[in-house]
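For reference, the chains in residue letters:
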Amino acid sequence: MRTVTAEPTVVLRPSLKGRAVHLEGGLFGPDFLERLEAGDLPGQRPADFGIRAGRSVVEEAAEAYRDAQDLWKVFRRRLQRLPEDDPATSLTREGWVVPLLGLLDYELQYNPKAYDLDGVSYAISHRAGQPEDAPPVHIVGTRRELGRVDPTGRPRLSPHTLLQEFLNRSEHLWGIVTNGRVLRLLRKSPLLRRQAYVEFDLEAIFDAEEGERFSDFLLLYRLLHRTRLPQRVADAGQCWLERYHQDAQEQGNRARDRLRDGVEECLTILGTGFLRHSRGWEASYAEADESVAVRLYADLLRLVYRFLFLLVAEERGLLGGNDLYREHYSVGRLRRLTDRFEAYTEHDDLWQSLRVLCHLLRDPTPQVEGQPLASFLGLPVLDGGLFEPIPLENLTITNRDLLRAFFHLAYYYDEEARTYRRVNYAALDVEELGSVYESLLDNHPVVVGEPDGPAFRFTEGTQRKSTGSYYTPPELVQELIRSALTPVLEEKLRQARDPKAREQAILSIKVLDPACGSGHFLLAAGRRLGRELARVRTGEDEPSPEALREATRDIIAHCVYGVDKNPLAVELCKVALWIESHVPGKPLTFLDHHIRTGDSLLGVVDLSALREGIPGEAYEPVEGHDRGVARALKKRNAQERAGQMSLLAGSFDDALLHSALEAMRVDSIRDDTPEAVAEKARRHQALWSSLDPLRRAANLWTAAFFQEMKPGKPAITTEAVRRALERQPVPGQVAGVAEALAHKHRFFHWPLEFPEVFADGGFDVVLGNPPWERVKLQEQEFFAARDLEIANAPTAAARERLIAQLPKKNPTLWQEYQEALHAAESTSRFLRGSGFYPLTGRGDINTYSVFAERMRALLKPGGRMGILVPTGIATDDTNKHFFAEVVKRGELISL
């Protein structure tokens, strides 16, 4: 771990806010335009542009700018004389774009016929030179939009998408598309998950007063001069644009490799800063169930999740915000201040402004003249839960520590270049960001005393997973989307007769990841369904980015479901989904009803099990139990099971039907206003409360497998479950034990969590890459992850000696081990004895096996499951019954 002893140094760069150039996606690095403007890149000497000796690039560009301004004025006057329904294609091409690019040394050639690739025609208007394989340049009329489909054109593609698909299918790397008002530079990107291009606003550049936008034009000249593009296909890999792009890719890889270290450094600086500068910090966490360090760590991660969302939203232009916001409240302001030494003060005004921002983003009630205060910053009220109050907001931190921490989010150290570089959050995939944060969730935080005061640290020796260890390669994610989700989608669409029915068919699909982590599979499913929904709504083969984002937002609000037993992973999953689907001007969608915290393997799947009572297997003793007590409880429970409980069936069905209908009503509320989001949250909470009797019964049923069977301990038996179902009082100690165990082990009762899904028979699609772990506690791994001396023991014998000394040397750690051992043994007993895992709950259980069986059980008839598991699912002896059953029923589609 790096230790920061002084404020980091970076080179100040001019701001590009308000410029007529926009970088979308990751074609180039985050500081690329600043370096380009300064001429601080290879290939920017006059000779590289073919400029004669004695002349500078700036002089040549200035002369071209003056000529271009004259061309623009003539073009605008001629355009005003054309009828409004004339697309102005010829005028745009011959009267404006061809001569404009001529000033940048292009000799554009008109393409009299379309390119044909695999039977598909691509009517690209021009090419950048005489050779047939010169780079494509597509020019359309100025009254057409680059992102909109021409209703008379074939194929049904927007100009932007036409060029992008042509690049992806052909051997060309780079191309230009323009309507004369906007010009975009595109690159081949066959694995494109979101659009990537450089856009120049020609209208803004040339409508400006004399010389006002020359700096923007200079960027265009330096980036799009004919010498920047390849001459032909053969030299595309060596052209300047490609060199700049490859440098950006290498920068991005280095940033991803170092981002995890930066986030960890940020967390430790933030935690220590809050502890040392906040009086009474203990009081803020006095009532926490976990240790102060664990609770503080959770809040620190939530704060950094907010930073992450705002960084991405601001850099992608999704948040809005006026000058007041940008100058005084934005995270972009924090990034700028990290470059200014004088900002590193002992005051706390930066933290106070962040507190104000979080309050305004979550609360629509403070209003002036009927408008929420957030509107005065040009912001929507986001709500959604991301900005809900946390105890950390009661503490404070100095500007110095806040900026030192934020620096490690904003920059990474490029060892190759020996300088700090800015992290390009606009270009990083949401999945990659999620993996960086997800890899931190197993860290073990501690608060330690140091000479300068309390400090927040991570235990040295913790065997943390390296960056990307949770990361499922996109090719594997896409394979499951193709083989599991797409067939279900196609079948739904085949049964729909008109656009409205097709829209409803798509929105009816329910997709689950039962071990969702940061949401990789849910993001991929959201994109796939969102694209299809946007196509149906717009009638366009390639919808605009705006239509696509709106559709993806609706899909994420209605179709995706996720569960994870780590609450911080659940929050991270929500952040990832919010980033992917946020629509400017709208609040964050309500996701609490679909993205849930819980252990997918521990809980009731079929509520009829409650009527049958607790199985006798729940009373098989594990280490530490009193066998006599266990025998007595098993006998007593058997007698209670012999009683009559089937009369409760009607109330079961009524309660579940009512909850399913109410869940569908909650889902039908649109998330377009903060008030609507608040109403969804209120109604969801009411629905949750209405299911309390059934949930208490299910908790009692499941807790029986985890209870301590010792003299004098409260005992859970079938009678307690019966009383809960009949809404009769359950002895307080018994109920308390069940609720405590439910909270500790995060029991998850599927029909009560997602009643609308189970009323419809289950999920349409279940996807995932569940954990591959033995349920049996791995003693060596447990201790090595928590004790530096044990982790570094030279031999296995030395390690065993150190472990044997722990009961006296470190009784707290030894108690943790005993609790973990009991939990592992109880989990095995539940998986074997609950009746929910008859095929895989055998032998030395691995979690991937029981996840496979659970996922299969959650599917509705005709649904599909896609799961990443070891080949042992088909070859290991413990899985033979499960695999044989799948094959016997003809359910295996591919392996």
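Notes on the structure follow. Remember, predicted model here, so these are calculated numbers, not experimental data. (Residues numbered from 1 in each chain as written. Predicted model: local features only at pLDDT ≥ 70, side-chain atom pairs only at ≥ 80, totals over all residues. Heavy atoms only, no water.)

The subject of this paragraph is unusual backbone geometry. The backbone of Ala-88 sits at a positive phi, close to 65 degrees, despite the residue not being glycine. Following the sequence through the fold, Ala-88 ends up in the loop between helix 2 (57-80) and helix 3 (89-102). Residue Ala-88 is classed as buried on the basis of its relative accessible area, which comes to 2%. Although it is not a glycine, Arg-746 sits at a positive phi angle of roughly 55 degrees. In this structure, Arg-746 sits in the loop between helix 26 (732-745) and helix 27 (750-753). (Helix = DSSP H or I, 4+ residues; strand = E, 2+ residues; numbered from the N terminus. Buried < 20%, exposed > 50% of the residue type's maximum accessible area, 1.4 Å probe, protein only.)

Before going further, it helps to spend a moment on the sheet that holds strand 9 (residues 197-201). Ordered in space as 1-9-8-7-6-5-2, the 7 strands form an open sheet in which the pairing is mixed. The two strands at the open ends of the sheet, each matched to only one other strand, are strand 1 (21-24) and strand 2 (109-110). When strand 5 (residues 126-127) meets strand 6 (residues 136-139), the two strands line up antiparallel, connected through 2 bridges. Counterpart to Arg-127 in the pairing with strand 6 is Pro-136. Strands strand 2, strand 5, strand 6, strand 7 (174-178) and strand 8 (182-187) of the sheet are contacted by helix 3, whose axis makes an angle of about 145 degrees with strand 6. (Pairing = 2+ DSSP bridges. Contact = heavy atoms within 4.5 Å. Axes fitted to C-alpha atoms, helices over the stretch in contact; angles between N-to-C directions.)

As summarised here, the arrangement of the 5 strands in space is 18-17-16-19-20, forming an open sheet in which the pairing is parallel. Only two strands of the sheet have a single neighbouring strand rather than two, namely strand 18 (595-597) and strand 20 (859-867). Neighbouring strand axes in the sheet, compared pairwise and without regard to direction, differ in orientation by 20 degrees on average. When strand 16 (residues 511-513) meets strand 17 (residues 560-564), the two strands line up parallel, connected through 3 bridges. Looking at strand 17, one finds that Asp-513 is bridged to Gly-562.

Pairs of packed helices are described in terms of their axes, by the angle between the two and the distance that separates them. The N-to-C vectors of helix 9 (residues 292-315) and helix 19 (residues 567-581) enclose an angle of 10 degrees; their axes lie 10 Å apart at closest approach. Relative to helix 19, the element helix 9 lies roughly parallel. Facing Ala-298, Leu-301, Arg-302, Tyr-305, Leu-308, Phe-309 and Val-312 of helix 9, the residues of helix 19 in contact are Leu-568, Glu-571, Leu-572, Val-575, Trp-578 and Ile-579. Of the residues that constitute the contact of helix 9 with helix 19, the class distribution is 11 nonpolar, no polar and 2 charged. (Parallel < 35°, antiparallel > 145°, perpendicular 65-115°, else oblique. Nonpolar A, V, L, I, M, F, W, Y, C, P; charged D, E, K, R; others polar.)

The subject of this paragraph is a positive patch on the surface. Together, Lys-73, Arg-77, Arg-78 and Arg-81 make up a positively charged patch on the protein surface. Assignment of secondary structure puts Lys-73 in helix 2. Residue class for Lys-73 comes out partly exposed when judged on its relative accessible area of 44%. (Patch = residues over 30% accessible without salt bridge, like charges linked within 9 Å, V, L, I, M, F, W, Y side chains within 5 Å. Areas by Shrake-Rupley, 256 points an atom, 1.4 Å probe, with all protein chains shown as cover. Salt bridge = Lys/Arg side-chain N within 4 Å of Asp/Glu carboxyl O. Lys, Arg positive; Asp, Glu negative; His and termini not counted. Charge placed at Lys NZ, Arg CZ, Asp CG, Glu CD.)

Taken as a whole and assessed by the stated rule, the structure comprises 42 aromatic pairs. Here the aromatic rings of Trp-750 and Phe-754 are separated by 6.0 Å at their centres, their planes lie at 55 degrees, and the arrangement is tilted. Taking relative accessible area as the criterion, Trp-750 reaches 0% and is therefore assigned buried. A relative accessible area of 0% places Phe-754 in the buried class. Centroid distance Trp-814 to Tyr-817: 5.2 Å. Interplanar angle 45 degrees. Geometry classified as tilted. In this pair, Trp-814 and Tyr-817 both sit in helix 33 (residues 811-833), 3 residues apart, roughly one turn of the helix. (Phe/Tyr/Trp six-rings, centres within 6.5 Å; stacked < 30°, edge-to-face > 60°.)

Enumeration over the complete set of coordinates arrives at 55 salt bridges. Between Arg-404 and Asp-401 there is a salt bridge, and its shortest N-O distance comes to 3.1 Å. Remark: Asp-401 and Arg-404 occur in helix 13 (residues 399-410); sequence separation between them is 3 residues, near one turn of the helix. A residue is classified by how much of its surface remains accessible, and Arg-404, at 16% relative accessible area, is buried. Judged by relative accessible area, Asp-401 falls into the buried class, the value being 11%. A salt bridge links Glu-503 to Arg-537, with the nearest nitrogen and oxygen atoms 3.1 Å apart.

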